Amino acid sequence: MTRSVVSIDDLSNSEIEAVFRLADQYLSEMGTPGKPFRVSGRRGDAEQYILATIFFEPSTRTRLSFESAMLRLGGEIISSADPNSSSAVKGETVADTVRVVENYADLLVIRHPYEGAAKVASEYASVPVINAGDGSHEHPTQTLCDLYTLRAAQSQKGAAPSIDSLRDMNVVLWGDLHHGRTVHSLVYALARFGARIIPLAAPGCEFPEHVQQRLARDYGCYPLSRKDVDSLAEDALPADVLYVTPDQPHQLALISNVWFQLSEKQQASIRSMKNIDAFYSTRLQRERLGAGEQVTEYPVIDSQFLKEKKYRQAQVLHPLPRVDELSYDLDQDQRGVYFKQASYGVPVRMALVAALLELQPGMFSAEPLHRRQYVSYRQREGLICSNPRCVTCQETERRYLLPKFLIVDENVPILRCAYCDHEHQPRAVGRLSTRKFTTAVDQWKQIHLQDIVFFRDEQQAIESGFQPKRPSRSAPHDAALKSPQ
Ligand code: NCD
């Protein structure tokens, strides 16, 4: 089976650990003297292979470190780095682009402004696809570099070199948590590994709703308010909210409608939360601000800020590029590890490429991923994703691509776009076979999945040519249904 990495959840915990162990090995065998975070030289493992980088958005680190990784593995690269020189400007679709380039290369690394574009690429390519950033959605390989940097920092403090050491770390996520794709993939990974997440967003740049919903539904990661935290913590936290995960980091918690109860162990660990282990700073994603959207206050980290006792041990990470949010005076500070983090991009991406090309057999198991499984729904008509940046909403892609949703809450029901993660609550449901609909959406389970059409609302159902279902004694909800005028 061809494996692609579109979301950080496409890799299991043990696969991430396997990638990190191989990255450790590359660093120990190919490390530059005096610079243990940098690989040098080349090996021959990938000499039969070609990697294509297809970038429709600017990049320095991600593209060059992928290309360097492939060259250091002994492979070759081909690159389309200027969107204006590719056929996308002529209106070529994502699906067509990858069906062409898959014939030229053995692995595709794609960056695209549409949210979900990398998933579309992986559905149409017969070779592995790596998501190098899809709009504001995800950037899973940056997260691998981030986790690898945190793991290295923990092992310097004496922990075994394992991602298990991330459990119970106190990590501040700082800056633009709304539009930044790196923090989105990272927060899912931190939730999975059981870190405590302290979001410190610039005003107006808080986590989007769909990220918070996925944190709760998929990882059982819930926000505790300042009131809850302050009643538990000895030192007041620097944030209004703290996200905590279940006791078992490797088990995804089942979501329930009852408020998440903190166990004794969790209460004790929050009480002892005096030190911040890592600060993850991000720049304001100006290019992703909507029309009229303005951010006037943006937090800056400098050595003065980090003077407080609780930051004494804090590692400062940043996916780079930085603008004004990270002071240059931190470059001399031991805690600033962002250049090391960028350097780890090469060994980590070498290891990921080696795994996907099966240069090192058995790194990725055939076992299913331990992630929450949801029923998926795809239909030719009815509900469409309302996120204007979703790949399924783009004029070019709509020619061939049908919206697809995961039914993440079967009771309400709630549908999550399978491409961009935005959630939707349909207000009407119909049967394709009878072209009748009802607003009693909770009756959807009585309909065969192939026959269901969900609608945004009654109006959309009517506009699609569906008739309201006549009230019947067996369906009391329908009695309230108003006939259209
Ligand atoms: C990030 C990106 O492109 O999302 N950069 C990177 O890949 N290292 C972060 C950013 O651009 O701010």
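The rules behind these values
- Residues numbered from 1 in each chain as written.
- Predicted model: local features only at pLDDT ≥ 70, side-chain atom pairs only at ≥ 80, totals over all residues.
- Heavy atoms only, no water.
- Helix = DSSP H or I, 4+ residues; strand = E, 2+ residues; numbered from the N terminus.
- Buried < 20%, exposed > 50% of the residue type's maximum accessible area, 1.4 Å probe, protein only.
- Contact = heavy atoms within 4.5 Å.
- Areas by Shrake-Rupley, 256 points an atom, 1.4 Å probe, with all protein chains shown as cover.
- Axes fitted to C-alpha atoms, helices over the stretch in contact; angles between N-to-C directions.
- Parallel < 35°, antiparallel > 145°, perpendicular 65-115°, else oblique.
- Left-handed = near helix turned anticlockwise from the far one by under 90°.
- Nonpolar A, V, L, I, M, F, W, Y, C, P; charged D, E, K, R; others polar.
- Pairing = 2+ DSSP bridges.
- Core = buried A, V, L, I, M, F, W, Y, C linked by side-chain atoms within 4.5 Å.
- Near = heavy atom within 4 Å.
- Phe/Tyr/Trp six-rings, centres within 6.5 Å; stacked < 30°, edge-to-face > 60°.
- Salt bridge = Lys/Arg side-chain N within 4 Å of Asp/Glu carboxyl O.

Draft legend 1. Representation of the overall build of the protein chain within the structure. Along its length, the protein chain carries 12 helices and 20 strands. By the burial criterion, 55% of the 485 residues in the protein chain qualify as buried. Considering only residue pairs separated by 6 or more positions, the protein chain has 70% of its internal contacts joining residues 24 or more positions apart. Looking at the protein chain as shown, the accessible area adds up to about 21600 Å², and 48% of this sits on carbon and sulfur atoms.

Draft legend 2. Structural detail: the packing of helix α3 (residues 94–101) against helix α4 (residues 117–124). Two numbers describe how α3 lies on α4: the axes approach to 9 Å, and their chain directions differ by 50°. Relative to α4, α3 is oriented oblique. Every pair of crossing elements has a handedness; the one defined by α3 and α4 is right-handed. On α4, the residues touching Val-94, Ala-95, Val-98 and Arg-99 of α3 are Ala-117, Val-120, Ala-121 and Tyr-124. Classifying every residue of the contact of α3 with α4 gives 7 nonpolar, no polar and 1 charged.

Draft legend 3. Here's a closer look at the sheet that holds strand β18 (residues 436–438). Across the sheet, 4 strands lie side by side as β19-β17-β18-β20; this open sheet has mixed pairing. In this open sheet, the two edge strands, each paired with only one partner strand, are β19 (452–455) and β20 (467–468). Sheet topology note: the strand β17 (residues 428–431)/β18 ladder contains 3 bridges and is antiparallel. Its bridge partner lying in β18, Arg-431 is registered against Lys-436.

Draft legend 4. Summary view of the sheet that holds strand β4 (residues 76–80). Here we have 4 strands laid out as an open sheet, ordered β4-β3-β5-β6, and parallel in their pairing. The open sheet is flanked by β4 and β6 (129–134), the only strands paired with a single partner. Here the average twist between neighbouring strands, direction ignored, is 15°. Both strand β5 (residues 107–112) and β6 contribute to a ladder of 4 bridges, which runs parallel. By the bridge assignment, Ile-110 is partnered in β6 with Asn-131. This element, α3, spans β3 (50–55) and β5 of the sheet and lies at about 155° to β5.

Draft legend 5. Spatial organisation of helix α7 (residues 209–219). Counting buried residues along α7, 8 of its 11 residues qualify, which places the element largely inside the surrounding structure. Every buried residue belonging to α7 is among His-210, Val-211, Arg-214, Leu-215, Ala-216, Arg-217, Asp-218 and Tyr-219, and all of these are buried. Of the residues one or two after α7, Gly-220 is the one with positive phi, at around 60°.

Draft legend 6. Layout of the side chain of His-318. On the secondary structure map, His-318 appears in the loop between β12 (315–317) and α10 (338–343). Residue His-318 is classed as buried on the basis of its relative accessible area of 1%. Sequence-distant contacts of His-318, defined by excluding residues within four places in its chain, comprise Ser-281, Thr-282, Arg-283, Glu-325, Leu-326, Tyr-338 and Gln-341.

Draft legend 7. Representation of the nonpolar core within the structure. Counting 69 residues, the largest nonpolar core has Phe-20, Tyr-26, Leu-173, Leu-190, Leu-215 and Leu-352 as the members making the most contacts within it. Discounting residues that sit within four places of it in the chain, Tyr-26 has contacts with Gly-31, Val-39, Arg-43, Asp-45, Leu-73, Pro-347, Met-350, Ala-351, Ala-354 and Gln-360. Counting residues in each nonpolar core, the second largest holds 41 residues, with Ala-52, Ala-105, Leu-108 and Ala-117 among its members.

Draft legend 8. Highlighting the site of the ligand. All residues in the neighbourhood of the ligand are listed as Arg-61, Thr-62, Arg-111, His-139, Gln-142, Arg-181, Thr-182, Arg-283, Gln-285, Pro-319, Leu-320 and Pro-321. Taken by itself the ligand offers 320 Å² of open surface, and the protein chains cover 94% of this. Put simply, the parts of the chain that give the shell around the ligand at least two residues each are α2 (61–72) and α6 (181–193). Here the residues of the shell around the ligand are counted per class, giving 3 nonpolar, 5 polar and 4 charged.

Draft legend 9. Geometry of the packing of helix α1 (residues 13–30) against helix α5 (residues 140–156). Two elements in contact, α1 and α5, have axes separated by 11 Å at closest approach and are oriented at 70°. By the angle between their axes, α1 is roughly perpendicular relative to α5. For the pair α1 and α5, the crossing hand works out as right-handed. Here α1 contributes Ile-16, Glu-17, Phe-20, Arg-21, Ala-23, Asp-24 and Leu-27 to the contact with α5, which in turn contributes Leu-144, Leu-147, Tyr-148 and Arg-151. The residue inventory of the contact of α1 with α5, partitioned by class, reads 7 nonpolar, no polar and 4 charged.

Draft legend 10. Just the packing of aromatic side chains, in detail. Going through the model one piece at a time under the given rule, you end up with 15 aromatic pairs. Ring plane angle 65° and centroid distance 5.2 Å describe the contact between Phe-279 and Tyr-311, whose orientation is recorded as edge-to-face. Here the residue Phe-279 occupies a position in strand β11 (residues 278–281), and Tyr-311 occupies one in the loop between β11 and β12, the gap between them amounting to 32 residues. Judged by relative accessible area, which is 0%, Phe-279 ranks as buried. Its relative accessible area of 2% is what places Tyr-311 among the buried residues. With 5.9 Å between their ring centres and 55° between their planes, Trp-444 and Phe-454 make a pair best called tilted. Highlighted residues: Trp-444 in the loop between β18 and β19 and Phe-454 in strand β19, separated in sequence by 10 residues.

Draft legend 11. Up close: the pairing of β11. Burial of the side chains of β11 extends over both faces: Ala-278 and Tyr-280 are buried on one face and Phe-279 and Ser-281 on the other. Across 4 bridges, strand β7 (residues 170–175) lies against β11 in parallel orientation. The partner of Val-172 across the bridge, within β11, is Phe-279. With 3 bridges connecting them, β11 and β12 associate as parallel partners. Bridge pairing in β12 places Ala-278 opposite Gln-315.

Draft legend 12. Spatial organisation of the pattern of salt bridges. Summed over the entire model, instances satisfying the criterion amount to 26 salt bridges. The salt bridge involving Asp-333 is made with Arg-335; its shortest N-O contact spans 2.8 Å. Like Asp-333, the residue Arg-335 is buried in the burial classification. Residues participating in the shared-partner salt-bridge network are Asp-9, Glu-138, Arg-192, Arg-214, Arg-217, Asp-218, Arg-416, Asp-421 and Glu-423.

Remember that the coordinates give geometry; whether it matters functionally is a separate question.
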